[in-house]
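Listed here are the chains, written in short residue letters.
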Amino acid sequence: MVRLNDLSYRYKDNAAPTIQNISFFIKKGEVVVLTGRSGCGKSTLFRCINGLCPHFFEGEKKGNIYLNGKESTPLRICDISRLVASVFQNPESQFFTADVLSDLVYACENYGVPKGEIEMRLNRIASMLSLSPLIGKKISELSGGEKQKVAIASTLMLNADVLLLDEPSMGLAPIVVQEVFNIIKGVNAQGTSILLVEQNAKQALRIADYGYVLEIGNVVASDTAENLL
């Protein structure tokens, strides 16, 4: 589903690469955790996979990224988003409207998905994530955990095969973190492959199949989630 071959990335104004010679593979239906201390390169790797590097964060990329067998370099961000959907550290940064319902259907409407298909996807995802109590609310009325749930639902509306999550537990209370991880596991149970970028390694690995540990831009450990725990 996602394969990286010797991936390195150096930001435009940096003398040295932020990530170096990283290779890994996410199989269909897997949950893979990428963890490490703050500043180790996790978010840069996330941005490389979803195309923000170099399309938005300028720099030099070396190596290859394959998404569903397609080399990502010639793809536009809008093309990449249909293969891998992204949930960012701050869910509010990816909301485009003021209320939950219009935000859930926003991306599909922009891609020209037929109305009947949008309704089918909405009903399926609302059922999967128990969203019915939130559908009529404004984004500003939601708690942190509810915003994260809506952000995940919005990305799932595009029917991407892979879901990328960048520190989804950041700033949430422990009980809400557990709820978010339960949602992620439920999404995976429906067949979606997941890359979970997460500093909260112990809790994230409990719902994962495999894990990679980054340190100063390099993979320093990789194993099954059980062995890493």
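Criteria and cut-off values
- Residues numbered from 1 in each chain as written.
- Predicted model: local features only at pLDDT ≥ 70, side-chain atom pairs only at ≥ 80, totals over all residues.
- Heavy atoms only, no water.
- Phe/Tyr/Trp six-rings, centres within 6.5 Å; stacked < 30°, edge-to-face > 60°.
- Buried < 20%, exposed > 50% of the residue type's maximum accessible area, 1.4 Å probe, protein only.
- Lys NZ or Arg CZ within 6 Å of the ring centre and 35° of its normal.

Enquirer: I tried to follow the packing of aromatic side chains on my own but got confused; where do I start?
Expert: For any pair of aromatic rings, the description rests on two quantities: the centre-to-centre distance and the angle between the ring planes. As enumerated under the stated definition, the model contains six aromatic pairs in all. Residues Tyr9 and Tyr11 carry aromatic rings whose centres are separated by 5.3 Å and whose planes lie at 80° to one another, so their mutual orientation is edge-to-face. Taking relative accessible area as the criterion, Tyr9 reaches 1% and is therefore assigned buried. Exposure remark for Tyr11: the relative accessible area of 14% places this residue in the buried category. Ring geometry for Tyr210 and Tyr212: centres 5.3 Å apart, planes at 55°, overall tilted. Given the relative accessible area of 25%, Tyr210 is considered partly exposed. You can call Tyr212 buried: its relative accessible area is 9%. A cation over an aromatic ring shows up here: Arg3 above the ring of Tyr66, its NZ or CZ 4.4 Å from the ring centre. Sitting over the ring of Phe57, Arg47 keeps its end group 4.0 Å from the ring centre.

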